[in-house]
Amino acid sequence: MTEQHQLEDARDKLCHHLVAREDLEHPFPEPAPVVLSFIVRLSDRLFYMTPGAGWDHEEAWRPNRPSKFEDAKATAMAEDPGFDCLTGEFEAGWDNLAGLFQAFYPERYQQSGGAINWRYFRGSASHGFQIRHKLFETHQSYSQRESRKKWQGEQKEELQLRVEDWPVQDPKAREELLRLRHTHVLRPIPARDVAHSPILPTEYKSKLQGAVVRLELTLAHWAIPGKGDFFNADVEDIEILVPSPSSLTTLSPSRKRVAKADDSDDDYPSPVKRRKVKEEPK
């Protein structure tokens, strides 16, 4: 299948899931969020969808930077994939996002940040929009989220890694991992390659940056005192449709050791796949 046919097939499958009445009758207080789908290119600029998520302990004092590693988010910019068969579709999707923000806060949306940074980019599809993924979650929050997914019958293959084995290079970040292993659960980025295999953490940059992907996301609104409103696009799933140019180059033997935290760590465990099984509510 050619790239154009592959993209057209993926475009035909784009959908979003509306809230049905039965969603309102399950024991959890809120319905499942709407899932939005896009075909985008993950930009080379402002790419922090890596194990370290761009966290720098020396800049943790800055107002807009996370002070703790567990609060860091892996982020990337989604932009127009640039294929003729998809002409106009990214702009239409961007307009839909902007329309949702405007409908939610018609008087203040242009002062908001997050997925679309109106303050700096003045709201333009040419700048794309930001996506993010929270890498760490408390045990309690994780258990609640997993219970909701089991009730909704979701089945997804995920990587299962221990917090202390997360492959970060920053010594301060590794110290943070030792602290977090008792209180948090690791959430690897839900990304798959063209063969539908989970992408390893050490492959995030080489395989995702610059790739054309089918992206699923949900939106969340946060009103932060003293900072304003933020509309965030949280990643639900990333599927590579057209590999990034860097992933097609020949790798040196040292770079092929992607299952290592670094070249000096020979004890880094191989990831374990797990499949969630649909469970009927009692």
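Our structure is the block above this text.
The following refers to the structure shown. (Residues numbered from 1 in each chain as written. Predicted model: local features only at pLDDT ≥ 70, side-chain atom pairs only at ≥ 80, totals over all residues. Heavy atoms only, no water.)

**A few points about the overall build of the protein**
Looking only at helices and strands, the protein has six helices and eleven strands in total. Here the protein holds 282 residues, and the buried ones make up 39% of them. In the protein, the share of contacts with a sequence separation of at least 24, taken over all contacts with a separation of at least 6, comes to 74%. Accessible surface, the protein: about 16000 Å² in total, of which carbon and sulfur atoms supply 50%. (Helix = DSSP H or I, 4+ residues; strand = E, 2+ residues; numbered from the N terminus. Buried < 20%, exposed > 50% of the residue type's maximum accessible area, 1.4 Å probe, protein only. Contact = heavy atoms within 4.5 Å. Areas by Shrake-Rupley, 256 points an atom, 1.4 Å probe, with all protein chains shown as cover.)

**Some thoughts on the pattern of salt bridges**
Summed over the entire model, instances satisfying the criterion amount to eleven salt bridges. In this structure, Glu176 engages Arg179 in a salt bridge whose closest nitrogen and oxygen atoms are separated by 2.5 Å. One end of the pair, Glu176, and the other, Arg179, are both in helix H5 (residues 171-180), three residues apart, so they sit about a helical turn from each other. Judged by its relative accessible area of 18%, Glu176 falls in the buried class. Residue Arg192 is joined to Glu239 by a salt bridge in which the shortest nitrogen-to-oxygen separation is 3.8 Å. Taken together, the positions of Arg192 in strand E8 (residues 191-192) and Glu239 in strand E10 (residues 228-242) put the pair 47 residues apart, joining distant regions of the chain. We classify Arg192 as partly exposed; its relative accessible area is 23%. Look at Glu239 and you get buried, because its relative accessible area is 16%. Several salt bridges share partner residues, and in doing so they unite Glu70, Glu176 and Arg179 into one network. (Salt bridge = Lys/Arg side-chain N within 4 Å of Asp/Glu carboxyl O.)

**Focus on the nonpolar core**
With 49 residues, the main nonpolar core has Met49, Phe129, Ile131 and Leu208 as its most contacted residues. In contact with Leu208, other than residues within four places in its own chain, are Leu42, Phe47, Met49, Ala191, Ile199, Glu203, Ile238 and Ile240. One finds Ile39, Leu86, Val212 and Val242 within the second-largest nonpolar core, a separate group that totals six residues. (Core = buried A, V, L, I, M, F, W, Y, C linked by side-chain atoms within 4.5 Å.)

**Let's talk about unusual backbone geometry**
For residues other than glycine, phi is negative in most cases, and the peptide bonds are mostly trans. The phi dihedral of Ala53 is positive, around 55°, even though this residue is not glycine. Examined against the element boundaries, Ala53 turns out to sit in the loop between strand E1 (36-42) and strand E2 (73-79). Overall, the relative accessible area of 9% leaves Ala53 in the buried class. Despite not being glycine, His196 shows a phi value in the positive range, around 65°. Relative to the elements of secondary structure, His196 occurs in the loop between E8 and helix H6 (204-208). A relative accessible area of 44% means that His196 is categorised as partly exposed.

**Some points on H5**
If you check which residues of H5 are buried, you get Ala173, Glu176, Leu177 and Leu180. Viewed end-on, H5 has its buried residues packed into an arc of 105°, placing them on one side of the element. Contact partners of the buried residues in H5: strand E5 (136-138) and strand E7 (184-186). The N-cap of H5, judged by a side-chain oxygen 3.0 Å from the amide nitrogen of Lys172 a few residues on, is Asp170. (Arc of directions from axis to C-beta. Polar contact = N/O pair within 3.5 Å; in protein donor to acceptor, adjacent residues only side chain to side chain.)

**Details of helix H2 (residues 89-104)**
Three- or four-residue spacings in an α-helix give side chains the same orientation, since the helix completes a turn every 3.6 residues. Taking 1.5 Å per residue, 16 residues should reach 22 Å; H2 reaches 23 Å between its end C-alpha atoms and fits that length. Taken together, the buried positions of H2 are Phe90, Gly93, Trp94, Leu97, Ala98 and Phe101. Relative to the axis of H2, the buried residues are bounded by an arc of 135° and lie together on one face. In H2, the exposed residues that point more than 90 degrees away from the buried face are Asn96 and Ala103. (Expected span 1.5 Å × (residues − 1).)

**Some words on the packing of aromatic side chains**
Per the counting criterion, the structure on display carries six aromatic pairs. Here the aromatic rings of Trp55 and Phe69 are separated by 5.2 Å at their centres, their planes lie at 40°, and the arrangement is tilted. Of this pair, Trp55 sits in the loop between E1 and E2 while Phe69 sits in the loop between E1 and E2, placing them 14 residues apart in sequence. For the pair Trp55 and Phe69, a shared accessibility class is recorded, and that class is buried. The interplanar angle of 55° and the centroid separation of 6.3 Å between the aromatic rings of Trp166 and Tyr204 together place this pair among those described as tilted. In this pair, Trp166 is assigned in the loop between strand E6 (157-160) and H5 and Tyr204 in helix H6, connecting sequence segments 38 residues apart. Each member of the pair, Trp166 as well as Tyr204, carries the same accessibility label: buried. (Phe/Tyr/Trp six-rings, centres within 6.5 Å; stacked < 30°, edge-to-face > 60°.)

**Things to note about the pairing of E1**
For E1, a buried count of six out of seven residues is recorded, marking the element as mostly surrounded by other parts of the structure. Sheet analysis places E1 next to strand E9 (residues 212-224), joined by six bridges and oriented antiparallel. Its bridge partner being in E9, Val40 is matched across the sheet by Val213. One ladder, built from two bridges, connects E1 with E2; its direction is antiparallel. Note that in E2 the partner of Arg41 across the bridge is Glu79. (Pairing = 2+ DSSP bridges.)

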